Amino acid sequence: RFIAKPCAINLGIQDSGPHRAQPNAILEKVFTSITKSPDGKRLEGLSKQLDWDVQKIQRWFRHRRNQDKPTTLTKFCESMWRFTFYFSIFFYGIRFLWTAPWFWDTRQCWYNYPFQPLTSRLYYYYILELAFYWSLMFSQFTDIKRKDFLIMFVHHLATIGLITFSYMNNMVRVGTLVLCLHDASDFLLEAAKLANYAKYQRLCDAFFMLFGVVFIVTRLGIYPFWILNTTLFESWELIGPYPSWWLFNGLLVTLQVLHVIWSYLIIRTASKALVRGKVSKDDRSDVESSSEEEDVTSNSTKGIFSTSSNGSNRLNGHVASGQWTGE
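Reference entry: report on the structure contained in this document. On a predicted model such as this, the values are computed, not experimentally measured, just so you know. (Residues numbered from 1 in each chain as written. Predicted model: local features only at pLDDT ≥ 70, side-chain atom pairs only at ≥ 80, totals over all residues. Heavy atoms only, no water.)

## Regarding the packing of aromatic side chains
Item 1. As enumerated under the stated definition, the model contains 31 aromatic pairs in all.
Item 2. A ring pair is formed by Phe85 and Tyr86, whose centres lie 6.1 Å apart and whose planes are at 65°; its orientation type is edge-to-face.
Item 3. In this structure Phe85 comes out as buried when scored by relative accessible area, which is 12%.
Item 4. Residues Trp236 and Trp245 carry aromatic rings whose centres are separated by 5.2 Å and whose planes lie at 75° to one another, so their mutual orientation is edge-to-face.
Item 5. Three or more aromatic residues link up through ring pairs in this structure, and these residues are Trp81, Phe85, Tyr86, Phe132 and Tyr133. (Phe/Tyr/Trp six-rings, centres within 6.5 Å; stacked < 30°, edge-to-face > 60°. Buried < 20%, exposed > 50% of the residue type's maximum accessible area, 1.4 Å probe, protein only.)

This is the structure we're talking about:
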């Protein structure tokens, strides 16, 4: 309200919503009580009842659906909040871990386990991350429905479970590595979305490509060969397996499966960009769906976040009037 909104206004982003539908009691009742997307038979019935042609009724329902969607200003403010958090927590984590011995030697995560001290800096790092992911869990049900809703729901459950479980079992050293690694690419995605909302398309494309590179390197390279290596093999060697060890690694492997799915979608988007000369759709999901009406103008718009003709969500968009899926 006091930072993001003034920034958006200075960038020329207006707080104007989509075209509002003409007031009509009959159509409003159908929209709220029966269906938001009437089929052909119902459209014909309404056409006779109102003496409107079918195209006019279809246009009314399209405008009515778009009425409930957030403005670009609202989406800019939400993305700026997420960017601020991800950026701050990532560099806090890097600064904290730079002096931690287990950052340079992962075997230090298991020496003298479980009798390892919990410092105040480590404690607040954990609590901040846990609070943020709980907020994402709840806001997912009140936010706009996204294409990757189920995947993100599983992701948030696994993340919250990992943070809580690792804290309870004092596996906080390796937990900090997992948290910092996952924050490395998220702020780049939000930066790409901010650039898109502000209509800086080249900057948007550059941030997305950088996000894709960092995401794939960290999630398909560093995560399995550094994190999973120490949790699966080094911990087995130094402390041996025990019941909670299996659950902990099961959650970590679940995250890796999600990483593979998202990486595939990012690579597919990037490959389409190389063929078409632009990133036209984000097949992940942190992106809000766009209206069919907006699609008329988006056909002439280049870049990552342009919309699809059927209004469905595309790639991240943590990876959202643009199109993107995230963490």
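## Notes on the packing of helix α2 (residues 25-33) against helix α4 (residues 54-67)
Item 1. The contact between α2 and α4 brings their axes to 11 Å, and the two run at 55°. By the angle between their axes, α2 is oblique relative to α4. Crossing hand, α2 versus α4: right-handed. Residue-level contacts link Leu27, Glu28, Val30 and Phe31 of α2 to Ile57, Trp60, Phe61, Arg64 and Arg65 of α4. (Axes fitted to C-alpha atoms, helices over the stretch in contact; angles between N-to-C directions. Helix = DSSP H or I, 4+ residues; strand = E, 2+ residues; numbered from the N terminus. Parallel < 35°, antiparallel > 145°, perpendicular 65-115°, else oblique. Left-handed = near helix turned anticlockwise from the far one by under 90°. Contact = heavy atoms within 4.5 Å.)

## Topic: the environment of Met80
Item 1. On the secondary structure map, Met80 appears in helix α5 (residues 72-98).
Item 2. Overall, the relative accessible area of 18% leaves Met80 in the buried class.
Item 3. Residues Met80 and Ala4, 76 residues apart in the sequence, show an inter-C-alpha distance of 6.3 Å.
Item 4. Contacts of Met80, omitting those with residues within four sequence positions, involve Ile3, Ala4, Cys7 and Leu194.

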